[in-house]
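# Fold and contact review
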Amino acid sequence: MEKSNGLRVILFPSPLQGCINPMIQLAKILYSRGFSVTVIHTRFNAPKSSNHPLFNFLEIEDSLSEADTRNHDINLMLTLLNQRCESPFRDCLTKLLQSSETGEEKQRISCLIDDSQWIFTQPLANSLNLPRLALIATKVSFFLGHFVLPKLRRERYLPLQDSERDDPVEEFWPHRKKDINRLLDEESEILDEYLNQNYETSKASSGLIFMSCEELDQDSLAQTRKEFQIPIFAIGPSHTRFSASSSSLLTQDETCIPWLDQQEDKSVIYVSFGSLVPISESELLEMAWGLINSDQPFLWVIRVGSVNGSKWIEDMPEELMERINKKGKIVKWAPQQEVLKHRAIGGYLTHNGWNSTVESICEGVPMICLPYFWDQMLNARFVSEVWRVGLHLENRIERNEIERAIKRLLLETEGEAIRERMELLKEKVGRSVKENGLAYQSLEHLVDYISSF
Ligand code: UDX
């Protein structure tokens, strides 16, 4: 830590792995710049406080039942969390502010930084006279564009003719109509109301922080600044400064690193769908056969509980497991950033969560896109059609398609061109986070801004 600047920031992550990682990385950045850090968190998916002895952790009751936490409907869970955490969070924050005013706490609390998914925090911060900044875990273009979803629903976007499925969507570029179809399918009217509130609370905040940069989000950043008229910070992919391993909720299986050491350069396809995506048993089998038939080595993350109807992979036929073990390795959770950095990795079959997408870009690993929901469809379009640093499976989870995509990416000249473009993108983003790069400068502005409260 730099010398303490006498200021404390209060952080409040949303309890999802993809949101906890950037928040804890931001905590480490701010701590290294002299801020003391208090993390208020839910009981559900509580970060491991023992991994961060330099921060204060305060747990609030979220009143989620076992069944609530097993629910795959993330939107429903967020609605519940917003309802149930409001009062305990208010009590916790009020106490913290009181103790800082009465002098029991030596430092002054400068601001609250919470995930933009919390919508009750802005009115609360206003009432307590505390500046609040929102951290956004998605790409800027998704954040800006997704507020149009209630309007698209009102205009009765669905159903879609077959002939128009691939048409571009001007209001939410570079989505295609079939992507919006999937988005509106998962999105409910309850979520429309939530999005409208989220828009208002984001606009009323003291600033927005993105884990992106001008090089990845230039137009959307300009548009967001124009529309929101508040300070906007794009501080770059946060893992480039501090690794996310310490905030992993699951234990990372390190045995995959010595296994990778035995593989040839750029020969292995890494397969992982993040912390939330569930897959069906038939999808699991198609993936297994696609990987085996590609005849490339593969490292495959299958989370416990992610295969619908099974605990893990106990139902995988024995003969298939033998084939898998000849060419590949399955783990329950990997040290992803270490894996992507490894010289043996040649491609990443991914769900395109924003963290995974930027982690792959920062290591120059080209992708095969298999997005499932929410912001993943937009990220996949950027990867495959705008930056052209990956191939898109277009949701065809079939063994032949998977085998073909792997071969195109790892063995054919098409793959070489993709890899070259990825190398250039990696360098651009790398320059942005280095001293005097645009993301670096934005971080400096953020630190100055928070210090000024
Ligand atoms: C979700 C959404 O999918 C994502 O798009 C949104 O922006 C945040 O919430 P998630 O599905 O978990 O996140 O995906 P992603 O954003 O990619 O985050 C996953 C994180 O878990 C990454 O930081 C990755 O490095 C880590 N991870 C993943 C591991 O540490 N080990 C693994 O085996 C897999």
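This one's a predicted model, so the numbers in the text were calculated from it and none came from an experiment. (Residues numbered from 1 in each chain as written. Predicted model: local features only at pLDDT ≥ 70, side-chain atom pairs only at ≥ 80, totals over all residues.)

### With respect to the site of the ligand
In the region of the ligand, 26 residues are neighbours, and Gly18, Gly274, Gln336, Gly353 and Ser356 sit closest. Mapped onto the domain boundaries, the shell around the ligand takes at least three residues apiece from domain 1 (7-246 + 433-451) and domain 2 (250-430). (Near = placed C-beta within 6 Å. Domains from an automatic or database assignment.)

### Brief notes about the sheet that holds strand β3 (residues 56-60)
Strand order in the open sheet made by the seven strands is β3-β2-β1-β4-β5-β6-β7, with parallel pairing throughout. Two strands in the sheet have a free side with no partner beyond their single neighbour: β3 and β7 (232-234). Geometrically, the sheet is characterised by an average inter-axis angle of 20° between neighbouring strands, direction not taken into account. As defined by bridge partners, strand β1 (residues 7-12) adjoins strand β4 (residues 108-115) across six bridges and the pair is classed as parallel. Bridge pairing in β4 links Leu11 to Ile113. The strands touched by helix α9 (residues 214-228) are β6 (207-210) and β7; relative to β7, the strand with the most contacts, the crossing angle is about 175°. In the packing of helix α18 (residues 438-451) onto the sheet, the strands contacted are β1, β4, β6 and β7, and the crossing angle to β7 comes to about 135°. (Pairing = 2+ DSSP bridges. Helix = DSSP H or I, 4+ residues; strand = E, 2+ residues; numbered from the N terminus. Axes fitted to C-alpha atoms, helices over the stretch in contact; angles between N-to-C directions. Contact = placed C-beta atoms within 7 Å.)

### Some details on the sheet that holds strand β12 (residues 367-369)
Strands pair in a sheet through their backbones, by hydrogen bonds, and they do so in one of two ways: parallel or antiparallel. A sheet is described by the order of its strands in space; here six strands give the open sequence β10-β9-β8-β11-β12-β13, paired in parallel fashion. Edge strands, defined here as strands with exactly one partner in the open sheet, are β10 (328-331) and β13 (390-392). For this sheet the average axis-to-axis angle between neighbouring strands, irrespective of direction, equals 15°. Pairing between strand β8 (residues 268-272) and strand β11 (residues 345-350): five bridges, direction parallel. Among the inter-strand pairings, Val271 is bridged to a residue of β11, identified as Leu349. Here helix α15 (residues 376-386) sits on the sheet in contact with β12 and β13, set at roughly 120° to β13.

### Re the nonpolar core
Leu299 and Ile368 are the most contacted members of the largest nonpolar core, which totals 106 residues. Here this core gets seven residues from one element, more than from any other, and that element is helix α1 (residues 17-32). When residues of this core are sorted by domain, at least three fall in each of domain 1 (7-246 + 433-451) and domain 2 (250-430). Apart from residues no more than four positions distant in its own chain, Leu299 is found in contact with Cys256, Leu260, Val268, Tyr270, Val271, Gly328, Lys329, Ala334 and Val339. (Core = buried A, V, L, I, M, F, W, Y, C linked by C-beta atoms within 7 Å. Buried ≥ 20, exposed ≤ 12 C-beta atoms within 10 Å, placed from the backbone.)

### So, the domain arrangement of the protein
The domain architecture assigned to the protein consists of domain 1 (7-246 + 433-451) and domain 2 (250-430). On the side of domain 2, 25 residues touch domain 1, which itself brings 29 residues to the contact. Elements supplying a minimum of two residues to the side of domain 1 that touches domain 2: α1, α5 (140-145), α7 (177-186) and α9. Here the residues of the side of domain 1 that touches domain 2 are counted per class, giving twelve nonpolar, eleven polar and six charged. (Nonpolar A, V, L, I, M, F, W, Y, C, P; charged D, E, K, R; others polar.)

### Some thoughts on unusual backbone geometry
In this structure, Pro174 follows Trp173 across a cis peptide bond, with omega equal to 0°. Examined against the element boundaries, Pro174 turns out to sit in the loop between α6 (149-154) and α7. One non-glycine residue, Lys266, lies in the positive phi region at around 50°. In this fold, Lys266 is placed in the loop between α10 (256-261) and β8. For Lys266, a count of 16 C-beta atoms within 10 Å puts it in the partly exposed group. Backbone geometry at Asn395 places phi at a positive 65°, although glycine is not the residue there.

### Describing helix α17 (residues 413-433)
Here α17 spans 31 Å end to end across 21 residues, near enough to the 30 Å set by a 1.5 Å rise per residue. Along α17, the positions that sit buried rather than exposed are Gly415, Ile418, Met422, Leu425, Val429, Ser432 and Val433. One side of α17 carries all its buried residues, which in axial view fall inside an arc of 90°. Exposed residues pointing more than 90 degrees away from the buried face of α17 are listed as Thr413, Ala417, Leu424 and Glu427. On the buried face of α17, the contacting elements are α9, α14 (354-362), β13, α16 (399-411) and α18. (Expected span 1.5 Å × (residues − 1). Arc of directions from axis to C-beta.)

### Quick word on the packing of α16 against α17
Where α16 meets α17, the axes come as close as 5 Å, and the angle between the chain directions of the two elements is 65°. Seen from α16, the contacting residues are Arg408, Leu409, Leu410 and Leu411; seen from α17, they are Glu414, Gly415 and Ile418. Of the residues assigned to the contact of α16 with α17, the class counts are four nonpolar, one polar and two charged.

### A short note on the environment of Phe89
Inspection of the secondary structure assignment puts Phe89 in helix α3 (residues 74-101). On the neighbour-count criterion, Phe89 (24 C-beta atoms within 10 Å) is buried. On a C-alpha basis, the gap between Phe89 and Asp62 in space is 9.3 Å, while along the polypeptide they are 27 residues apart. Discounting residues that sit within four places of it in the chain, Phe89 has contacts with Phe12, Ile40 and Ile60.

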